[in-house]
Amino acid sequence: MRAILAQAEWELSVSELPVSEVLPALLAALAQSPQVLLAAPTGAGKSTWLPLQLLQQAQLPGQIIMLEPRRLAARNVAQRLAEQLGEQPGGTVGYRLRGENCSSAATRLLVVTEGILTRMLQRDPLLEGVSLVILDEFHERSLQADLALALLLDVQQGLRDDLKILLMSATLDNQQLRTLLPDAPFIASQGRSFPVMRRYASLNPQQRFEEAVAREVAQLLRDEPGSLLLFLPGVAEIERVKRELASRVSDEVDLSPLYGALSLEAQRRAILPAAPGRRKVVLATNIAETSLTIEGIRLVVDSALERAAQFDVRSGVTRLLTQRISQASMTQRAGRAGRLAPGICLHLLPQEQALRAAAQSEPEILTSDLASLQLDLLQWGCQDAAQLQWLDSPPARSLQAARQQLQRLGALDSEGRLSARGRKMAQLGSDPRLTAMLCAAGDDVHAIASAALLVAILEDPPRSDSVDLRDALNQPQPQWLRRARHWQQRLNAGQGRVDADRFPALLAAGFADRLAQRRGHSARYQLANGIGAMLDEHDGLSRYEWLIAPSLLQGASSADARMLLALPVEMDALRQQCPQLVEQRTDVDWDEDKGTLRAWKREAIGALILRAQPQARPEPEILHAAMLRWIREKGLAVLGWTPEAEQLRLRLQCAAQWLPEEAWPTLDDDTLLATLEHWLLPEMGAVRDLKGLQSVNLVSALLHLLTWSQRQRLDTVLPTHYTVPTGSRLPIRYDAEKPPALAVRMQEMFGEAQNPAVADGRVPLVLELLSPAHRPLQITRDLAAFWRGAYPEVQKEMKGRYPKHPWPDDPASALPTRRTKKYSS
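Parameters and conventions
- All residue numbers here refer to positions counted from 1 along the written sequence of the relevant chain.
- pLDDT decides what is reported in this predicted model: residues at 70 or higher carry local features, side-chain atom pairs at 80 or more are listed and counted, and totals for whole chains, interfaces and linings draw on all residues regardless.
- No hydrogens and no water enter the side-chain calculation; it runs on all heavy atoms of the structure.
- By the criteria applied, helices consist of DSSP H or I runs no shorter than four residues and strands consist of E runs no shorter than two, each listed in order from the N terminus.
- Categorising residues by exposure relies on relative accessible area from a 1.4 Å probe, with only protein chains included: less than 20% of the type maximum marks a residue as buried, more than 50% marks it as exposed, and the intermediate range marks it as partly exposed.
- Residue contacts follow a heavy-atom distance rule, with two residues in contact if any of their heavy atoms lie within 4.5 Å.
- Per-residue and other accessible areas were derived by the Shrake-Rupley procedure at a 1.4 Å probe size, with only the shown protein chains allowed to occlude residues.
- Only four residue types enter the charge count, namely Lys and Arg as positive and Asp and Glu as negative; His and the chain termini do not.
- Working definition for charges: the position is that of NZ of Lys, CZ of Arg, CG of Asp or CD of Glu.
- What we call a nonpolar core is a set of buried Ala, Val, Leu, Ile, Met, Phe, Trp, Tyr and Cys residues that are connected through their side-chain atoms within 4.5 Å.
- DSSP-based pairing: two strands are paired if at least 2 bridges between them are found.
- Simply put, an axis is a line fit to the C-alpha atoms, just over the touching stretch for a helix, and the angle between two N-to-C directions goes from 0 to 180 degrees.
- Relative orientations are named as follows: roughly parallel for angles under 35 degrees, roughly antiparallel for angles over 145 degrees, roughly perpendicular for angles from 65 to 115 degrees, and oblique for any other angle.
- By definition, any crossing whose near helix is turned counterclockwise from its far helix by less than a right angle is left-handed, and any crossing with a clockwise turn is right-handed.
- Each residue gets one label: Ala, Val, Leu, Ile, Met, Phe, Trp, Tyr, Cys and Pro are nonpolar, Asp, Glu, Lys and Arg are charged, and the others, such as Gly, are polar.
- Salt bridge criterion: a side-chain nitrogen from Lys or Arg within 4 Å of a carboxyl oxygen from Asp or Glu.
- To estimate the expected span of a helix, subtract one from its residue number and multiply by 1.5 Å.
- Directions drawn from the helix axis to the C-beta atoms are what define this arc.
- The criterion for an aromatic pair is that two Phe, Tyr or Trp rings (for Trp, the six-membered ring) have centres within 6.5 Å, with stacked assigned to planes under 30 degrees apart, edge-to-face to planes over 60 apart and tilted to the rest.
- By the criterion applied in these results, polar contacts are pairs of N or O atoms within 3.5 Å in which, for protein atoms, one can donate a hydrogen and the other can accept it, and in which residues neighboring in sequence qualify only through two side-chain atoms.

Draft legend 1. Examining the overall build of the protein more closely. A tally of helices and strands in the protein yields 31 helices and 31 strands. C-alpha atoms of the protein, sized along the principal axes, occupy 105 × 70 × 60 Å. Per-residue burial over the protein gives 53% buried out of 825 residues. For the protein, contacts bridging at least 24 residues in sequence account for 67% of all contacts bridging at least 6. Accessible area for the protein stands at about 37600 Å²; split by element, carbon and sulfur atoms hold 48% of it. Measuring between centres, the 94 positive side-chain charges of the protein sit 3 Å from its 96 negative side-chain charges.

Draft legend 2. Seen up close, the nonpolar core. Judged by nonpolar contacts, the single largest core of 65 residues is most densely connected at Ile631, Leu639, Trp679, Leu680, Leu698, Leu718 and Met746. Those residues in contact with Leu718 that lie beyond four places of it in its chain are Arg651, Cys654, Ala655, Trp658, Arg713, Tyr734, Val758 and Ala759. If you look at the next biggest cluster of nonpolar residues, it comprises 54 residues, including Met425, Ala456, Trp487 and Leu565.

Draft legend 3. Representation of the sheet that holds strand 5 (residues 109-113) within the structure. Reading across the sheet, the eight strands line up as 4-3-5-2-6-7-1-8 and stay open at both edges, with mixed pairing between neighbours. Every interior strand has two partners, whereas the edge strands, strand 4 (100-102) and strand 8 (186-188), have only one. For this sheet the average axis-to-axis angle between neighbouring strands, irrespective of direction, equals 20°. Here strand 2 (residues 63-68) runs beside strand 5; their pairing, made up of five bridges, is parallel. Paired with Met66 across the bridge in strand 5 is Val111. Strands strand 2, strand 3 (93-97), strand 4 and strand 5 of the sheet are contacted by helix 4 (residues 71-84), whose axis makes an angle of about 170° with strand 3.

Draft legend 4. Spatial organisation of the environment of Leu453. If you trace the backbone, Leu453 turns up in helix 17 (residues 445-459). Ignoring any residue separated from it by four or fewer positions in sequence, one finds Leu453 in contact with Leu473, Pro476, Trp480, Leu481, Ala484 and Val498.

Draft legend 5. The arrangement of the packing of helix 2 (residues 23-32) against helix 3 (residues 50-57) in detail. As a packed pair, helix 2 and helix 3 sit with axes 11 Å apart at the nearest point and diverge in direction by 55°. In terms of orientation, helix 2 lies oblique with respect to helix 3. Judged by the twist between their axes, the crossing of helix 2 over helix 3 is right-handed. Residues Leu23, Leu26, Leu27 and Leu30 of helix 2 form the contact with helix 3, whose own contacting residues are Leu50, Gln53, Leu54 and Gln57. Classifying every residue of the contact of helix 2 with helix 3 gives six nonpolar, two polar and no charged.

Draft legend 6. Representation of the pattern of salt bridges in the model. Following the criterion strictly, the structure yields 41 salt bridges and no others. With a shortest N-O distance of 3.8 Å, Lys46 and Glu137 are connected by a salt bridge. Taken together, the residues span a long stretch of sequence, with Lys46 in the loop between strand 1 (35-39) and helix 3 and Glu137 in the loop between strand 6 (130-135) and helix 6 (143-158) at a distance of 91 residues. For Lys46, a relative accessible area of 6% corresponds to the buried category. In this structure, Glu768 engages Arg733 in a salt bridge whose closest nitrogen and oxygen atoms are separated by 2.5 Å.

Draft legend 7. Quick peek at the sheet that holds strand 16 (residues 343-347). The sheet built from six strands is open, its strands ordered 9-16-13-10-12-11 with parallel pairing. Lying at the two open borders of the sheet, with one neighbouring strand each, are strand 9 (196-200) and strand 11 (253-258). Pairwise comparison of adjacent strand axes, ignoring direction, gives a mean angle of 20° for this sheet. The sheet contact formed by strand 10 (residues 227-231) and strand 13 (residues 297-302) spans five bridges and is parallel. Counterpart to Phe231 in the pairing with strand 13 is Asp302.

Draft legend 8. Region of the structure containing helix 9 (residues 235-246). Here helix 9 contains twelve residues, and its C-alpha end-to-end distance of 16 Å stays within 8% of the 16 Å for a straight helix at 1.5 Å per residue. Every buried residue belonging to helix 9 is among Glu237, Ile238, Val241, Glu244 and Leu245, and all of these are buried. Angularly, the buried residues of helix 9 cover 130° about the axis, an arc narrow enough to put them on a single face. With respect to the buried face of helix 9, the exposed residues turned more than 90 degrees away are Arg243 and Ala246. Contacts from the buried residues of helix 9 go to helix 8 (209-223), strand 10, strand 11, strand 12 (279-284) and strand 14 (305-312).

Draft legend 9. Quick look at the packing of aromatic side chains. This model, assessed by the stated rule, comprises five aromatic pairs. Pairing Phe750 with Trp807 gives two aromatic rings, centres 6.5 Å apart and planes at 80°, and the pair type is edge-to-face. Placement of Phe750 in the loop between strand 27 (741-745) and strand 28 (757-758) and of Trp807 in the loop between helix 30 (791-801) and helix 31 (821-824) is noted, with a sequence separation of 57 residues between them. Here Phe750 falls in the buried class, since its relative accessible area comes to 1%.

Draft legend 10. Fine view of the environment of Leu177. Structurally, Leu177 is set in helix 7 (residues 174-180). Owing to a relative accessible area of 2%, Leu177 belongs among the buried residues under this scheme. Separated by 533 residues in sequence, Leu177 and Gln710 place their C-alpha atoms 38 Å apart.

Draft legend 11. Region of the structure containing the packing of helix 8 against helix 9. Contact pair helix 8 / helix 9: the axes reach a minimum separation of 9 Å and the direction vectors enclose 55°. Considering their axes alone, helix 8 and helix 9 lie oblique with respect to each other. Both helix 8 and helix 9 take part in a crossing whose hand is right-handed. Taken together, the residues of helix 9 that come into contact with helix 8 (itself represented by Phe209, Glu210, Glu211, Val213, Ala214, Val217 and Ala218) are Glu237, Arg240, Val241, Glu244 and Leu245. Class assignment of the residues belonging to the contact of helix 8 with helix 9 gives a composition of seven nonpolar, no polar and five charged.

Draft legend 12. A look at the pairing of strand 13. Across the six residues that make up strand 13, a large majority, six, are buried. Where strand 13 lies against strand 16, four bridges are found, and the strand directions are parallel. Bridging across to strand 16, Val300 finds its partner in Cys345.

Draft legend 13. Spotlight on the side chain of Arg160. Along the chain, Arg160 falls in the loop between helix 6 and strand 7 (164-169). A distance of 2.7 Å separates a polar atom in the side chain of Arg160 from the backbone oxygen of Val130. In contact with Arg160, other than residues within four places in its own chain, are Leu126, Leu127, Glu128, Val130, Ser131 and Val155.

What follows is the structure, given as structure tokens:
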């Protein structure tokens, strides 16, 4: 083994790989430290040379696992590493992707994709036989990479102090990593010596985007030799620009798309070098930013745009946004031009805009659906995400939405822990909605076969224009059939028959909130989760009253989501198959004609009403539960908020901000709506209608959120009133955005030498000092400075305007008064 590696080392032309210069420092750091950070620019050899050297020289007894964020990159990196050893992948170097395992007992260096490493950790938290985990291209900050780091740090602290972690990237966010890992050595490698000339150009706003981009690309190809890599935000732009380029470039230029939805075979064809005597233009998404060497590229055109997924926790639907990339991504893209020779990168934006771009891309953990992450945390035994160390903590709101989704899928028990179904879903290791479908199939081999095919298609959606899911189900592609057999094997099922009649019920197990009812005779639908969805007006599916749409996309401009895949549903049959979907409940609606709330007994699936019957006088507990649902739908504004109630809420919000060491309740709208039963319901005993609801004393209601000691503490540190030197008890005005304020006549503050404050003296009051006629004179947060500084000018003016009132020369020691001179003595 050592002989093979030594031979490979000679064959790698070490002098051409800048990372070789920092290898001794890296080996020393790994010997001494549990975590090491390596910043190495594009082309330094960190992915395709360094792992073999660590395998040879780091004196690590166990296996090395390297995480690559993309499937194509994982395959490519493993292939290149194996070739350097004169082997094929599966020997010393192997890889594991979703549904594909090319490794063996001889594998010492295993390249894996995201999700695979998480499942390895879940199955064996000790990672027995593994000495080092490398997280490559960590700057991408994918959800799975962040989770992997958090779990690995947990393993190091509690189970394996000998396990090593190496974080590698061309553009590491050093400050954030140093905060999380203050003791980790930071090693920086130089890049290749090939210079890249970076240019900037503004697109012609009078031209269509694809026309303007194609024009710049064609001009660069005319001016410069070599093949070109063009970065575009998405597949639609790739296809449009490709059509434009076809008429602008010579016959010797091949146009090759490259994006994640292509098959691995098509992606591999795109990265192969151009044929002799020909040039290539690769039109790529940000899949080509890292880890891939596209042979022959010396020109890069960067649109400086990317398509980013933004998950909406309210609707449960992902929105795709086209946005400016970060400076780190621009650097990565430019580096593609300097891998093999001096190159040119043309950024299609003004240089001043490029300099104003964000330094790093926003981490996925802040913008993604966290249902899978929440399931992984619960499987890990972590009830609270705060128990782990994160670069960016998962947003509490997103985690709450994730728990609610897992509850609906049957993954959690009444205490919020994994149920038996939840444990099975977690072990299967795919999206929770999809594993819920697999679990719903039970032990029936025909149901499992049907669910497996559905899941395989939804994991790798068809790339046709058809929205009708039946088209894919009736003509399954080979990769779907292979993946379906994989799921059947995972579930230990025999060969079953795919049964189309089972599809709606199986889809409902994972996507009950995506059941859709047509609105009138249009192509617009109402979803069970309350949002709208639509089809193209001429789509044949629009003639169906009921659909289920497992794949949705929220447009940037439309209020309705767009259905990407949908299946017709016969509702009566679905109700018989899945009676648990239908909820019997009492609701209240606002009756515009009568100006009152009206109660209804309804059969519903979420927001979709199947049957409704008016109720005369429902029982109070039924009516009150319906009112709480109505409040959650309409918002807190339907309640009778008095100034006193609003001030109490503001005081509590201020207390949480100014006195964070105490456990004050959270009072944002979402939290209050989620906890209505705890604070509002106890005050609703006699409420029967809207008038009664709006008469509920919200001060008393909100106080249910506080313990007795918290109430006493709040009145002490954030009082409602302040007693000024004259004895007047004046209200303090609290505000969510501004400091608390006290409006008081200036003469009543005579004798007060220092500015009053609240929150144990931490927050000075803003004093709005008034004239005897209650007109504003001065605003200050430093009364002593005002007495010494601006007061003489105010005194001079006030003596002339209010001569009957006292205006002493030393207000800090004068007697306060509410009266004129005649009555002051």
